[in-house]
Amino acid sequence: MNTEKGLLIVLSGPSGVGKGTVRKAIFDDPITDFEYSISMTTRKMRVGEIDGVDYFFKSREEFEALIEADEFIEYAEYVGNYYGTPVQYVRETMDAGKDVFLEIEVEGAKQVRRKFPDALFIFLAPPSLAHLEERLIGRGTESKDVIAYRISEARKEVEMMNLYDYVVVNDEVLEAKRKIQTIVEAEHLKRERIEARFRKMLLEAKK
Ligand SMILES: Nc1nc2c(ncn2[C@@H]2O[C@H](COP(=O)(O)OP(=O)(O)O)[C@@H](O)[C@H]2O)c(=O)[nH]1
Ligand SMILES: Nc1ncnc2c1ncn2[C@@H]1O[C@H](COP(=O)(O)OP(=O)(O)O)[C@@H](O)[C@H]1O
């Protein structure tokens, strides 16, 4: 275990659960000192989104060339569009000792689990599926068909909750934010304790 390297934090959960909202609350809080990894996507830019801030927006051809070049830690096709985490920023930031935060859907999170077994996996769950549908309708960014598809995907995704280290229910945004911050803090303390114990044992073994 190397506590000098930053921690990789993965926040996942069904679409519409509030990942983006909670992530924004986390990064709006000045006490947060982890870095957000901006994803790439082939989805169309929504009103108010900025290229290079919300996502790096790419064509399918560009995205597929980057897959070929092994430039992603993980990627997934979700509701007809690609989404992926560029590898370089994550590696450089973790190597510099800073924590990196990913907000990704569950298929991508599974791939990260395989590549970074040491990462911290947090599942954001809705208080209920009815809440989830309400939030997707309320956001008003998708058609009825897309919402129905996302709800059917969410049913399957919620079953994957037990593969995560923690489940945080997104009832109140600020409460969910606070819980995630506490989990990350606790994880650092745990890793430092394990490393200290390991060092002590090494010293003893040398005697
Ligand atoms: N696998 C993966 N999923 C991502 C990535 N970036 C965003 N997503 C997820 O893709 C899904 C769709 O995102 P988006 O189109 O922005 O819609 P919204 O999250 O429902 O507002 C969400 O579940 C995001 O968390 C990524 O880099 N990799
Ligand atoms: N705790 C919450 N209570 C009520 N509404 C919420 C909460 N968190 C998010 N929302 C709303 O739910 C909708 C979906 O949230 P969003 O962050 O876009 O989800 P995701 O990124 O997981 O797809 C948005 O309209 C958002 O304002």
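Residues numbered from 1 in each chain as written. Chains lettered and ligands numbered in written order. Predicted model: local features only at pLDDT ≥ 70, side-chain atom pairs only at ≥ 80, totals over all residues. Heavy atoms only, no water.

Draft legend 1. Molecular detail of the nonpolar core. Membership of the largest hydrophobic core comes to 22 residues, with the highest contact counts inside it found for Ile9, Phe101, Ile122, Leu124, Val168 and Ile180. Elements that contribute at least two residues to this core include exactly β1 (8-12), α1 (19-28), β8 (120-125), α5 (129-139), α6 (144-158) and α7 (173-206). No other element matches α7, which puts four residues into this core. Core analysis: the second largest hydrophobic core is formed by 19 residues, Val10, Ile73, Ile104 and Val106 among them. (Core = buried A, V, L, I, M, F, W, Y, C linked by side-chain atoms within 4.5 Å. Buried < 20%, exposed > 50% of the residue type's maximum accessible area, 1.4 Å probe, protein only. Helix = DSSP H or I, 4+ residues; strand = E, 2+ residues; numbered from the N terminus.)

Draft legend 2. Quick look at the sheet that holds strand β5 (residues 72-78). Pairing is mixed in the open sheet, where four strands are placed in the order β4-β3-β6-β5. Taken across any chain shown, the strands that pair with only one partner, and hence form the sheet edges, are β4 (56-57) and β5. The pairing of strand β3 (residues 40-41) with β4 spans two bridges and is classified as parallel. Within the sheet, the bridge partner assigned to methionine 40 lies in β4 and is phenylalanine 56. (Pairing = 2+ DSSP bridges.)

Draft legend 3. Main features of α1. When we look at burial in α1, the residues that qualify are Lys19, Val22, Arg23, Ala25 and Ile26. Around the axis of α1, the buried residues are gathered within 160 degrees of arc, so they sit on the same side. Opposite the packed face of α1, turned more than 90 degrees from it, sit the exposed residues Lys24 and Asp28. Summarising the contacts, the buried residues of α1 are in contact with β1, β2 (35-36), β7 (100-103), β8 and α7. (Arc of directions from axis to C-beta. Contact = heavy atoms within 4.5 Å.)

Draft legend 4. Representation of the UniProt feature "binding site: ATP" (unreviewed entry) in the chain within the structure. In the numbering used here, UniProt assigns the feature "binding site: ATP" (unreviewed entry) to Gly13, Pro14, Ser15, Gly16, Val17, Gly18, Lys19 and Gly20. Set against the largest pocket, the annotated residues named above that line it are Ser15, Gly16, Val17, Gly18, Lys19 and Gly20. In this structure, glycine 16 sits in the loop between β1 and α1. Contact partners of glycine 16, with chain neighbours within four places excluded, come to Leu132, Arg135 and Leu136. Secondary-structure assignment places valine 17 in the loop between β1 and α1. With near-sequence residues (within four places) excluded, valine 17 lies in contact with Leu124, Ala125, Pro126, Leu132, Arg135 and Asn170. (UniProt positions renumbered as here; feature names shortened; annotations may be inferred. 1 Å grid on protein atoms, 1.4 Å probe; cavity = no way out; pocket = protein on both sides within 12 Å on 5 of 7 lines; lining within 4 Å.)

Draft legend 5. Focus on the site of ligand 1. Ligand 1 sits among 18 residues. The nearest are Ser39, Arg43, Tyr55, Tyr83 and Glu105. Arginine 139 has a polar side-chain atom sitting 2.9 Å from an oxygen atom of ligand 1. Burial of ligand 1 by the surrounding chains reaches 95%, relative to a free accessible area of 570 Å². Judged by the proximity of its atoms to the pocket grid, ligand 1 belongs to the largest pocket. Of all the secondary-structure elements, those providing two or more residues to the shell around ligand 1 are β5 and β6 (81-86). Broken down by class, the residue content of the shell around ligand 1 amounts to five nonpolar, five polar and eight charged. (Near = heavy atom within 4 Å. Polar contact = N/O pair within 3.5 Å; in protein donor to acceptor, adjacent residues only side chain to side chain. Areas by Shrake-Rupley, 256 points an atom, 1.4 Å probe, with all protein chains shown as cover. Sits in = over half its atoms within 2 Å of the grid points. Nonpolar A, V, L, I, M, F, W, Y, C, P; charged D, E, K, R; others polar.)

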